[in-house]
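# Coordinates in review
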Amino acid sequence: MSTAEQPIRVLVVEDDPVAADAHVMYVGRVPGFTAVGKAHTGAEARRVLDRTPVDLLLLDLHLPDVHGLQLARSLRAAGHHTDVIAVTSARDLAVVREGVSLGVVQYVLKPFTFATLRDRLVRYAEFRNAVGEASGQDEVDRALATLRAPGPAALPKGLSGPTLERVTDALRASAQGLTAAGVAEAVGISRITARRYLEHLVAAGRAGRRPQYGQVGRPELVYRWVREPERGR
């Protein structure tokens, strides 16, 4: 049966309620996938899996009651063969290697955009839907290659990854938000350049903006990080 006839069922496991809602929304926007529920703890995820058929876990690795890989290991031991896309801010490659043996087919590093998750889900669907017998090594290699993400998405012309990271860090660190001038001062770039990076974050859904009134002349735009905090992930 094709993916169009039977959507891939995804359980979102994420302790942050705002992030969980966003991930459920993201999954629902990808054709061929449906979010069958969300869980905020490992224990809640187990209860959902015991009563609901699930094909894929979108699994935050740092849950309040258990590490995501420990949860994956216990699920395997209990006979659950659900695949896993791990969601984390951790960059420890030892964790990545451990996850391979536990059914982790992809890793998505926070913060991520809808486009990033969509790419991983589409690749997973292609891999999952591959059927029949491979004609040789090349075909096996091609099937496995569908799970591999492409190189980093190109930034708009004139933007650089390191500067974007510094802008992101400055914005995330400010609970009240920052103007372009504030970001420029914090990062050491011009106000015009800061605005370009901020608008890129807004377009990617990682930041929001609002006018700041009460000053003489035109109101300034205040930018605020709108994604979930890392909280040690």
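Below, the structure is looked at part by part. (Residues numbered from 1 in each chain as written. Predicted model: local features only at pLDDT ≥ 70, side-chain atom pairs only at ≥ 80, totals over all residues. Heavy atoms only, no water.)

## Some details on the overall build of the protein
Check the secondary structure of the protein and you find nine helices and seven strands. For the protein, the proportion of its 233 residues judged to be buried stands at 40%. Contacts in the protein between residues at least 24 apart in sequence constitute 61% of all its contacts with a sequence separation of at least 6. By element, 54% of the accessible surface of the protein is carried by carbon and sulfur atoms, the whole surface being about 12,500 Å². (Helix = DSSP H or I, 4+ residues; strand = E, 2+ residues; numbered from the N terminus. Buried < 20%, exposed > 50% of the residue type's maximum accessible area, 1.4 Å probe, protein only. Contact = heavy atoms within 4.5 Å. Areas by Shrake-Rupley, 256 points an atom, 1.4 Å probe, with all protein chains shown as cover.)

## Here's the deal with the packing of helix H8 (residues 180-187) against helix H9 (residues 191-203)
The geometry of a pair of packed helices is captured by two quantities: the angle between their axes and the separation between those axes. One can describe the packing of H8 onto H9 by two numbers: an axis separation of 8 Å at closest approach and a directional angle of 105°. In this view, H8 runs roughly perpendicular relative to H9, as classed from their interaxial angle. Residues Ala 180, Ala 181, Val 183 and Ala 184 of H8 form the contact with H9, whose own contacting residues are Arg 191, Ala 194, Arg 195 and Leu 198. Classifying every residue of the contact of H8 with H9 gives six nonpolar, no polar and two charged. (Axes fitted to C-alpha atoms, helices over the stretch in contact; angles between N-to-C directions. Parallel < 35°, antiparallel > 145°, perpendicular 65-115°, else oblique. Nonpolar A, V, L, I, M, F, W, Y, C, P; charged D, E, K, R; others polar.)

## Here we look at the environment of Leu 59
Tracing the backbone through its elements, the reader meets Leu 59 in strand E3 (residues 56-60). Expressed as a C-alpha distance, the spacing of Leu 59 and Ala 39, which sit 20 residues apart in the sequence, is 9.5 Å. Once residues within four sequence positions are removed from consideration, Leu 59 is found in contact with Val 13, Gly 68, Leu 71, Val 84, Ile 85, Ala 86 and Val 87.

## Some thoughts on the sheet that holds strand E5 (residues 104-109)
If you walk across this open sheet you meet the five strands as E2-E1-E3-E4-E5, and the pairing is parallel. What marks the edges here is a single partner per strand, and that holds for strand E2 (33-39) and E5. Here the strands of the sheet are splayed against their neighbours by 20° on average, with no regard to which way each runs. Relative to E3, strand E1 (residues 8-13) runs parallel, the two being bridged by four bridges. Among the inter-strand pairings, Leu 11 is bridged to a residue of E3, identified as Leu 57. (Pairing = 2+ DSSP bridges.)

Read these as spatial facts, not as claims about activity.
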